[in-house]
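One-letter residues, chain by chain:
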Amino acid sequence: LVNTSKSFALEGGWDTSFTTRATDPLLTVIDGGSDGAVFTVDASTGENISLTIERLTIRNGDNENGGAISAVAMGGGLIDIILASDVIRSNKSTNSGGGVGLYADGSDSKVKATLTNNMIYENYAGGEGGGLYVFSDNSANVTASLINNTITDNVSAGAGGGVRAYSSGAGVTDVTIRNSIVWGNTAETGHDISIGQSGASSAAVHSSYNDVGDVLPDADAPGIYNDLGSNFDFDPHFVDSIDGNYRLGQDSAAIDLGTATDAPPMDFEGTPRPQGNAHD
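Owing to the predicted nature of the structure, the values given are computational and were not obtained by experimental measurement.

**Q** Explain the pattern of salt bridges to me, please; I cannot follow it from the model alone.
**A** Within this structure, the stated rule accounts for eight salt bridges. The partner of Arg21 in a salt bridge is Glu54, with the nearest N and O atoms 3.1 Å apart. A residue pair is termed long-range when its members are at least 10 positions apart, and Arg21 in the loop between strand S1 (7–11) and strand S2 (29–31) and Glu54 in strand S4 (residues 48–54) qualify at 33 residues.

**Q** Looking at this structure, I do not really get the packing of aromatic side chains. What am I missing?
**A** The geometry of an aromatic ring pair is captured by two quantities: the separation of the ring centres and the angle between the planes. Counted by the stated rule, this structure contains seven aromatic pairs. Centroid distance Trp14 to Phe18: 6.3 Å. Interplanar angle 40°. Geometry classified as tilted. Since its relative accessible area comes to 33%, Trp14 is described here as partly exposed. With relative accessibility at 59%, the residue Phe18 sits in the exposed group. Put simply, the rings of Tyr103, Tyr133, Phe135 and Tyr166 touch in pairs and so form one group of aromatic residues.

**Q** Help me understand the environment of Trp14, please; the structure alone is not making it clear to me.
**A** For Trp14, the position within the fold is in the loop between S1 and S2. For the pair Trp14 and Thr28, spaced 14 residues apart in sequence, the C-alpha to C-alpha distance is 8.3 Å. A distance of 3.0 Å separates a polar atom in the side chain of Trp14 from a polar atom in the side chain of Glu11.

**Q** How should I be thinking about the side chain of Ser194 in this particular structure?
**A** When you line up the elements, Ser194 lands in strand S23 (residues 193–197). Residues in contact with Ser194, not counting those within four places in the same chain, are Ala159, Gly160, Val163, Arg164, Ala165, Thr189, Leu216 and Asp218.

**Q** Looking at this model, I keep getting lost on the sheet that holds strand S3 (residues 39–43). Mind explaining?
**A** Strand order in this open sheet of seven strands is S3-S7-S11-S15-S19-S23-S26, and the pairing throughout is parallel. In this open sheet, the two edge strands, each paired with only one partner strand, are S3 and strand S26 (215–217). When the angles between neighbouring strand axes are averaged without regard to direction, this sheet yields 5°. Pairing analysis gives five bridges linking S3 to strand S7 (residues 69–74), with the strands arranged parallel. Looking at the pairing, Val41 lines up with Ala71 of S7.

**Q** Even after reading the chapter, I still don't get the sheet that holds strand S8 (residues 78–84), so can you show me in this structure?
**A** Whenever strands of a sheet pair, they do so through backbone hydrogen bonds, lying parallel or antiparallel. If you trace the eight strands from one edge of the open sheet to the other, you get S1-S4-S8-S12-S16-S20-S24-S27, paired in parallel fashion. The outermost strands of the open sheet, each flanked by one partner alone, are S1 and strand S27 (224–227). This sheet shows a mean twist of 10° between the axes of neighbouring strands, independent of strand direction. Judged from the seven bridges that link them, S8 and strand S12 (residues 110–116) form a sheet pairing that is parallel. By the bridge assignment for S12, Ala84 is matched with Thr116.

Calculation criteria
Residues numbered from 1 in each chain as written. Predicted model: local features only at pLDDT ≥ 70, side-chain atom pairs only at ≥ 80, totals over all residues. Heavy atoms only, no water. Salt bridge = Lys/Arg side-chain N within 4 Å of Asp/Glu carboxyl O. Helix = DSSP H or I, 4+ residues; strand = E, 2+ residues; numbered from the N terminus. Phe/Tyr/Trp six-rings, centres within 6.5 Å; stacked < 30°, edge-to-face > 60°. Buried < 20%, exposed > 50% of the residue type's maximum accessible area, 1.4 Å probe, protein only. Polar contact = N/O pair within 3.5 Å; in protein donor to acceptor, adjacent residues only side chain to side chain. Contact = heavy atoms within 4.5 Å. Pairing = 2+ DSSP bridges. Axes fitted to C-alpha atoms, helices over the stretch in contact; angles between N-to-C directions.

Remember, this is a structural readout, not a statement about activity or role.
Written as C-alpha cells, this is what we have:
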C-alpha cells in the first residue's frame, strides 16, 4: 500500500546482488495470493504520488476494485503511475478493474497513467473493465496512455471486457490507445472497449494503429470513440494463447502495421524493435 507523497520505482529483473538486470518480466513474480489488490495506491488531500512498476509479473490479486493494481485519487490527491513491460494476468475484482483500476473522485483529483509494453490477459471483473477500468467522478480527471500493449482474453460480467472508460459528475476520462492489440476479450456489452458518460461529464477513447475488436459506447449516455486512423479488426493470430504465448504468428495481420511513435526499443526478451519492415 502506497499512500505518501513520494516517488517510488519497483523494478523487476535484478539478480540477488543487484548488479545485473534482465528484461523479462517473467523472472520477477509478485503473487497476491487472492488476498486483496497486489498493489494499492491511494492519494488524498495534499498527497502527490509518483510510482513506476516495471518488468514484473503481477498475478492472483483479488479486490473489489482493481485486482492487480488499484490507483485511487480523492480529495485533490494526485497520482502519476507508469506501468512498463509488466505481465498482468489472472487477477480479479468483484466490481471493476479485474487487472488495473484507475479512479479519481473529487475536484482537483487527478490520475495520470502511462502503460507501455504490457501484457494484460486472463483477468476478470464481476462488474466492468475486465482488463482495465478508467473512471472519473465529481470534476476529477483521469488520463491514460496505452502504448504497445496486448490486452486479450479478459472477461467482464458487465461492460468492457478489455477496457472500460467511464465518467460521471463532471469528471473527465481521457484514454489514448496506440500500437496495441485489444482483441479477443469477453463482456456482456462492449467486448473489447466500452465507453460511457453521464451528466456533464466526458469520456473519450482515442485510437490509432491498433488491432481492435468490438467497440461499444453506451446506448443511453455514450462517450466518444475517436478513430484516428490505421486501426483494423483481425484475429492477431497469436502463436499459442492457450499456453500463454501471445507472440504474433508469422501470418498475423498485425505484423508491420504499427507506428514508431513512442514504441519501446525492445521486447520482453531484450530483442531490438522493429524486426522486419516496420513496427508491429
